[in-house]
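# A structural walkthrough
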Amino acid sequence: MYLSYEDRGNLAAVIANWPQPNVEITCITDGSRILGLGDLGINGMGIPIGKLALYTACAGIRPEATLPLTLDLGTSNKTLREDPLYMGSRRDKVTPEEEQEFMDELMAALTEKWPGIVIQFEDFKNPFPALERYRRTYTCFNDDIQGTGAVILGGVINAVKRSGLPCKEHRAVFLGAGSAGVGVARQIVEFFMREGMTEDEARSCFYLVDTKGLVTADRGDRLADHKVYFARKDNNGQQFKSLEETIDYVKPTILMGLSTLGGVFTPEILNKMAAWNSHPIVFPLSNPSSKSECTFESAVTHTDGRALFASGSPFQPFSFTNSAGETKTYYPGQGNNMYVFPGIGLGTILSKAVEVTDSMIYASGKAVAESLTAEEADMGLLYPDLTRIRDVSVVVARQVIRAAQESKVDRETGIRDLSDSDLDAWIKARMYQPHGEVQSLEREVGSLLSSIGRPNGFIHSVSEENSKL
Ligand code: NAD
């Protein structure tokens, strides 16, 4: 569904046209920052459709209960505005005040029509104001900030465990202080606090670098609100203008890339990480692969095979002989948001939570870490095998439900006393199974054919084809 700024004042009436009666989840974008591709205006529609398809595939949310929503609030992309084939509004992007007024009306209209609806924000250029404004009054979350934070938290929990160093001895340099960078850093602060550090101690482990260098309180520019929390105050007036200067100053144990700058984790930087750490944690998270801060091959080669690695984009396994002459195959981890957001959505829908609390987001990341099997850990993986995603989503949904229960934001009170295994069975029974639909179709076709006296063999060949599909 597309909603235009021109529809303001009538959003409830437009939404009433949606043909499906029971919507459980919507994914909303205004197209203003699609992946690393910039402002695509209403051409961003592939994002909510694709994301909701993943909710169905990975967590079994019924397809007819999903609503992909693209807002046409104008576009700041001049090329699009001048393109005769562009189908969106040709007006410039509305002001933040106009956007807020529109969003207020939209959030109320969606929740009035479908009272339990889960609202997921996606790929907004500045996503922080809406999240702050609505997170306590509506059942909503932002996957760019919170989902990314949670999934990387899952990998970091496993990497920190494997590094052998306690949390308080870690120092993390983040290249990129946008929605993803700040979201990830916030979740890891929470992890360090749960491991016994105070908030100030935990926060002091983080060094964020943006286009102007290390984010410090006395750098001289006006910091965006979301960066202020991490601005360093212990730099004694010294400024560090680049990633290289910052890492020489910090000597990090963790290096995170959320900058969209392909190849900036150079062999020299990786060599230094390996010299300072027995197991350097290196997460080049920018997408697509061409924007990845380094490749898997480079991370393995330039740390002598010792890097604890996860990337945003997929890389192939890589065979390498280290300085001790041992040859082995290394497997890359991929910190794909798909490990968490489908389970967050499912757990929130099933618990009928009135709010998506910080503890529910945190629980989703922790659940991903706990889902790693002993075999996967032996292969050096930090994330579970993606082919087990539906099992992982059940664990994520269960932990999200438990966190909702603990924060008392759940309304499905009848499942509070279930054991973990009973709760898992309850969740699984509510997951949409495309295979189940195929089987019931086969049954229907089977009874139809037997009623006209056709042999059963035909059905078996259909069945085999379908299971291949
Ligand atoms: P964003 O535009 O909000 O932030 C980008 C940040 O990079 C900004 O802080 C900017 O200052 C910084 N930056 C840009 N050029 C720089 C330079 N030359 N030197 C230093 N810093 C520079 O984008 P975002 O939403 O935060 O996403 C960033 C990247 O993370 C994207 O590539 C996105 O695909 C990726 N991402 C990955 C995952 C995942 O793997 N799970 C999830 C979300 C986002």
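Rules behind the numbers
- Residues numbered from 1 in each chain as written.
- Predicted model: local features only at pLDDT ≥ 70, side-chain atom pairs only at ≥ 80, totals over all residues.
- Heavy atoms only, no water.
- Helix = DSSP H or I, 4+ residues; strand = E, 2+ residues; numbered from the N terminus.
- Rg over C-alpha atoms; globule rule 2.2 N^0.38 Å.
- Contact = heavy atoms within 4.5 Å.
- Areas by Shrake-Rupley, 256 points an atom, 1.4 Å probe, with all protein chains shown as cover.
- Buried < 20%, exposed > 50% of the residue type's maximum accessible area, 1.4 Å probe, protein only.
- Salt bridge = Lys/Arg side-chain N within 4 Å of Asp/Glu carboxyl O.
- Near = heavy atom within 4 Å.
- Polar contact = N/O pair within 3.5 Å; in protein donor to acceptor, adjacent residues only side chain to side chain.
- Nonpolar A, V, L, I, M, F, W, Y, C, P; charged D, E, K, R; others polar.
- UniProt positions renumbered as here; feature names shortened; annotations may be inferred.
- Arc of directions from axis to C-beta.
- Axes fitted to C-alpha atoms, helices over the stretch in contact; angles between N-to-C directions.
- Parallel < 35°, antiparallel > 145°, perpendicular 65-115°, else oblique.
- Left-handed = near helix turned anticlockwise from the far one by under 90°.
- Core = buried A, V, L, I, M, F, W, Y, C linked by side-chain atoms within 4.5 Å.
- Pairing = 2+ DSSP bridges.
- Right-handed = clockwise from strand over helix to strand, strands pointing away.

When its secondary structure is counted, the chain shows 19 helices and 14 strands. The C-alpha atoms of the chain give 24 Å as radius of gyration, which agrees with the globular expectation for 469 residues (23 Å, within 12%). Viewed in the frame of its principal axes, the chain has a C-alpha envelope of about 80 × 55 × 50 Å. Sequence-distant contacts, at least 24 apart, represent 68% of the contacts inside the chain between residues at least 6 apart. Here the chain has roughly 21100 Å² of accessible surface; of this, 52% comes from carbon and sulfur atoms.

Note that Ala 397 resides in helix α16 (residues 389-406). When its relative accessible area of 0% is taken as the criterion, Ala 397 is described as buried. In this structure, Ala 397 is in contact with Gly 343, Leu 346, Gly 347 and Ile 427, ignoring residues within four places of it in sequence.

Turning our attention to the pattern of salt bridges. Under the defined criterion, the tally for this structure stands at 30 salt bridges. A salt bridge links Lys 93 to Asp 30; the shortest N-O distance between them is 2.5 Å. Residue Lys 93 is found in the loop between α3 (78-81) and α4 (96-113), and its partner Asp 30 is found in the loop between β2 (25-29) and α2 (46-59); the two are separated by 63 residues along the sequence. The class for Asp 30 is buried, based on a relative accessible area of 2%.

Moving on to the site of the ligand. The immediate surroundings of the ligand are formed by 20 residues, with Arg 33, Ala 177, Ala 180, Gly 335 and Asn 337 found nearest. Within the backbone of Gly 178, an N or O atom sits 3.1 Å from an oxygen atom of the ligand. The separation between an oxygen atom of the ligand and a polar main-chain atom of Ala 180 is 2.9 Å. Residue composition of the shell around the ligand, grouped by class: 6 nonpolar, 12 polar and 2 charged.

Moving on: the side chain of Thr 75. In this structure, Thr 75 sits in the loop between β3 (66-72) and α3. What makes Thr 75 buried here is its relative accessible area of 0%. Of note is the side chain of Thr 75, whose polar atom sits 2.9 Å from the backbone nitrogen of Asn 77. Those residues in contact with Thr 75, other than ones at most four positions away along the chain, are Asp 39, Gly 41, Leu 80, Arg 81, Tyr 86, Ser 89, Arg 91, Asp 92 and Lys 93.

This paragraph deals with the UniProt feature "domain: Malic enzyme NAD-binding" (unreviewed entry) in the chain. Under the UniProt annotation, the feature "domain: Malic enzyme NAD-binding" (unreviewed entry) is placed at residues 145-405. Across residues 145-405, helical content stands at 44% and strand content at 13%; the span's end C-alpha atoms are separated by 23 Å.

To continue, consider helix α17 (residues 420-429). Among all positions of α17, only Leu 423, Asp 424, Trp 426 and Ile 427 are buried. The arc that holds every buried residue of α17, seen down its axis, measures 160°, which confines them to one face. For α17, exposure combined with an orientation more than 90 degrees from the buried face picks out Ser 421 and Ala 429. Buried residues belonging to α17 abut α13 (341-351) and α16.

Attention shifts here to the packing of helix α6 (residues 143-163) against helix α7 (residues 179-194). Two numbers describe a pair of packed helices, the interaxial angle and the distance between the axes. Where α6 meets α7, the closest approach of the two axes is 7 Å, and the angle between their N-to-C directions is 50°. Relative to α7, α6 is oriented oblique. Considering only the axes of α6 and α7, their crossing is right-handed. The residues of α7 that touch α6, namely those facing Asp 144, Ile 145, Gln 146, Thr 148, Gly 149, Ala 150, Ile 152, Leu 153, Val 156, Ile 157 and Val 160, are Ser 179, Ala 180, Gly 183, Val 184, Gln 187, Ile 188 and Phe 191.

Turning to the nonpolar core, a few remarks are in order. It is characteristic of soluble globular proteins that their nonpolar side chains tend to be buried jointly. Core analysis: the biggest nonpolar cluster contains 84 residues, and Phe 174, Phe 206, Phe 283 and Ile 427 have the highest contact counts within it. Per-element tally for this core: the top contributor is α16, with 10 residues. In terms of nonpolar packing, the next biggest core, distinct from the first, is built from 28 residues, Leu 71, Val 94, Phe 121 and Cys 140 among them.

Note that Glu 101 resides in helix α4. Residue Glu 101 is classed as exposed on the basis of its relative accessible area, which comes to 62%. Separated by 255 residues in the primary sequence, Glu 101 and Val 356 have C-alpha atoms spaced 22 Å apart.

Burial analysis of β3 places 7 of its 7 residues in the buried class, which makes it a mostly covered element. Burial along β3 is two-sided: Thr 66, Pro 68, Thr 70 and Asp 72 and Leu 67, Leu 69 and Leu 71, pointing in opposite directions, are all buried. Where strand β1 (residues 2-4) meets β3, 3 bridges bridge the pair, whose relative direction is parallel. Considered in β3, the bridge of Leu 3 is made with Leu 71. Inspection of the sheet shows β2 paired to β3 by 5 bridges, in the parallel sense. When the bridges of β3 are listed, Ile 28 appears paired with Leu 69. Between the parallel pair β2 and β3, the chain is carried across by α2, and the sense of this crossover is right-handed.

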